[in-house]
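Topology and contacts: notes
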Amino acid sequence: MRYLVREKLFAVGDDYWIEDDRGHKAYLVDGKVLRLRHTFELKDAHGNVVAVVKEKMLTVRDAMKIEDAHGDVVATVREKLFTPFRDKYLVELAHGGELKIHGDLIDKDYRIENHHGDELARISRKWFRIRDTYGVEIADGADTGLLLAIAACVDHLVHEEE
């Protein structure tokens, strides 16, 4: 499944829909206003919270944590300590293990892979001609909410770095 996402997810109080490849509203990005750190909830089309993303404050490396609907941390997207190439971020999963992020983050042409090298998501700006948008293609059986939240975190961290 492919989704259309607008860039710069963390504008203050910005709420908008992520659409599927048929143009249907699939996920609502609900930006939270008046928070000390950047926060948003990702909700499905029925209003159920799928993920809560919060910027981690006062960390040496830039990081964002992803929580499930119950407030349990499921993943942390963070900057790698040593990055000789463009692969600057990784995802630490709460249950153990990591997801790898490879590709051109600035131009939004990268992929998210599991520890076996299987592609879970492909992110690309090339699929759409609409300004300030990019696509997220999710592999069958992969956790769509988590992968959309990871793409949002990478978008925010890269934007903050610029």
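Residues numbered from 1 in each chain as written. Predicted model: local features only at pLDDT ≥ 70, side-chain atom pairs only at ≥ 80, totals over all residues. Heavy atoms only, no water.

Quick look at the sheet that holds strand E4 (residues 39-44) now. Think of a sheet as strands paired side by side through backbone hydrogen bonds, with each pair either parallel or antiparallel. Reading around the barrel, the 12 strands line up as E1-E2-E3-E4-E5-E6-E7-E8-E9-E10-E11-E12 and close back on themselves, with antiparallel pairing between neighbours. Shown here is a sheet whose adjacent strand axes are inclined to one another by a mean of 20°, direction ignored. The pairing of E4 with strand E5 (residues 49-55) spans 5 bridges and is classified as antiparallel. Within E5, the residue paired with Phe40 across the bridge is Val53. (Pairing = 2+ DSSP bridges. Helix = DSSP H or I, 4+ residues; strand = E, 2+ residues; numbered from the N terminus. Axes fitted to C-alpha atoms, helices over the stretch in contact; angles between N-to-C directions.)

On to the packing of aromatic side chains. One pass over the structure, following the stated rule, counts 1 aromatic pair. Here the aromatic rings of Tyr3 and Tyr27 are separated by 5.9 Å at their centres, their planes lie at 70°, and the arrangement is edge-to-face. Here Tyr3, found in strand E1 (residues 2-6), pairs with Tyr27, found in strand E3 (residues 25-31); they are 24 residues apart in sequence, far enough to count as distant. Residue Tyr3 is classed as buried on the basis of its relative accessible area of 7%. Classification of Tyr27 as buried rests on a relative accessible area of 12%. Here Lys108 stacks its cationic end above the ring of Tyr134, 5.5 Å away from the centre of that ring. (Phe/Tyr/Trp six-rings, centres within 6.5 Å; stacked < 30°, edge-to-face > 60°. Buried < 20%, exposed > 50% of the residue type's maximum accessible area, 1.4 Å probe, protein only. Lys NZ or Arg CZ within 6 Å of the ring centre and 35° of its normal.)

Let us look at the nonpolar core. Core analysis: the largest hydrophobic core is formed by 40 residues, its most contacted members being Ile18, Ile66, Ile101, Ile112 and Ile150. Tallying contributions element by element places helix H1 (residues 144-161) first for this core, with 11 residues. Setting aside chain neighbours within four positions, we find Ile112 in contact with Leu99, Lys100, Ile101, Asp118, Glu119, Leu120, Ala121, Ile123, Leu147 and Ile150. (Core = buried A, V, L, I, M, F, W, Y, C linked by side-chain atoms within 4.5 Å. Contact = heavy atoms within 4.5 Å.)

Quick look at the layout of surface pockets now. In this structure, the largest pocket encloses a volume near 200 Å³. Val74, Leu93, Asp143, Leu146 and Leu147 are the residues nearest the centre of the largest pocket, which is lined by 15 residues in total. For the lining of the largest pocket, the secondary structure elements donating two or more residues are E5, strand E6 (63-67) and H1. It is H1 that contributes the most residues to the lining of the largest pocket, 3 residues altogether. Looking at side-chain class alone, the lining of the largest pocket contains 10 nonpolar, 2 polar and 3 charged residues. (1 Å grid on protein atoms, 1.4 Å probe; cavity = no way out; pocket = protein on both sides within 12 Å on 5 of 7 lines; lining within 4 Å. Points joined across faces, edges and corners; volume = space filled by probe spheres on them. Nonpolar A, V, L, I, M, F, W, Y, C, P; charged D, E, K, R; others polar.)

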